[in-house]
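Observations on the model geometry
Chain by chain, the residues:
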Amino acid sequence: MTQYLISFNDGAMDHIPDEDWDDVGKASHAVVQEAVNAGVWVFGAGLERQRASIVATDGKVTDGPYPETKEVIGGFLVVDVASREEALAWAAKTADACRCAQEVRELMPDPETDAMLRQADRR
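These lines cover the structure that appears in this document, whether it is placed above or below. (Residues numbered from 1 in each chain as written. Predicted model: local features only at pLDDT ≥ 70, side-chain atom pairs only at ≥ 80, totals over all residues. Heavy atoms only, no water.)

Digging into unusual backbone geometry
- One non-glycine residue, R99, lies in positive phi territory at about 60°.
- Secondary-structure assignment places R99 in the loop between α2 (84–98) and β6 (103–106). (Helix = DSSP H or I, 4+ residues; strand = E, 2+ residues; numbered from the N terminus.)

Description of the layout of surface pockets
- Each pocket or cavity is described by its volume, and for the largest pocket that value is around 530 Å³.
- What lines the largest pocket is a set of 25 residues, among which F8, M13, G46, G74 and G75 lie closest to the centre.
- At the level of secondary structure, the elements contributing two or more residues to the lining of the largest pocket comprise α1 (21–38), β2 (41–46), β5 (73–81) and α2.
- The leading source of residues in the lining of the largest pocket is α1, at seven residues. (1 Å grid on protein atoms, 1.4 Å probe; cavity = no way out; pocket = protein on both sides within 12 Å on 5 of 7 lines; lining within 4 Å. Points joined across faces, edges and corners; volume = space filled by probe spheres on them.)

Some details on the packing of aromatic side chains
- Applying the stated rule across the entire model yields one aromatic pair.
- Note on F43 and F76: the rings are 5.8 Å apart at their centroids and 40° apart in plane angle, and the pair reads as tilted. Taken together, the residues span a long stretch of sequence, with F43 in strand β2 and F76 in strand β5 at a distance of 33 residues.
- A residue is classified by how much of its surface remains accessible, and F43, at 47% relative accessible area, is partly exposed. (Phe/Tyr/Trp six-rings, centres within 6.5 Å; stacked < 30°, edge-to-face > 60°. Buried < 20%, exposed > 50% of the residue type's maximum accessible area, 1.4 Å probe, protein only.)

As for the side chain of S28
- Its location among the elements puts S28 in helix α1.
- Within polar-contact distance, the side chain of S28 engages the backbone oxygen of G25 at 3.1 Å.
- Setting aside chain neighbours within four positions, we find S28 in contact with A97 and C98. (Polar contact = N/O pair within 3.5 Å; in protein donor to acceptor, adjacent residues only side chain to side chain. Contact = heavy atoms within 4.5 Å.)

Some points on the environment of E85
- Relative to the helices and strands, E85 resides in helix α2.
- Separated by 21 residues in sequence, E85 and E106 place their C-alpha atoms 11 Å apart.

Looking at the side chain of S7
- Relative to the helices and strands, S7 resides in strand β1 (residues 2–9).
- Taking the relative accessible area as the measure of exposure, S7 reaches 5% and is therefore buried.
- Residue contacts for S7: discarding those within four places in its chain leaves I73, G75, F76, A101, Q102 and E103.

Some words on the pairing of strand β4 (residues 61–64)
- Pairing analysis gives four bridges linking strand β3 (residues 52–55) to β4, with the strands arranged antiparallel. Within β4, the position partnered with S53 by the bridge is D63.
- Where β3 folds back onto β4 in an antiparallel hairpin, the turn is made up of five residues, including G59, whose phi is positive at roughly 90°. (Pairing = 2+ DSSP bridges.)

So this is what it looks like as structure tokens:
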């Protein structure tokens, strides 16, 4: 199984009329429930509309993102599926429910972190 990040940009849902938000919420939660029931849901969330903080390697904190940044993530979900095609199918369901395009990226596996999590589960 491979994990995929499915995300959309901040502002991608700004076209949705106020009176439709209840329907969008129900539709998106139905996709989440379907993914949970299918055993592929890992995590997901919308991001608050606020400026991010950038923490440098020396610990210094500055406002971000950088001014030249044109797009920032507005929300995301992570699914653990057998193929990219399956991730694309979940992205299509999410796009339909949220009424906005979704970006799909494969997450890099990290066997060391997986081993740490397995060890922590044994405690």
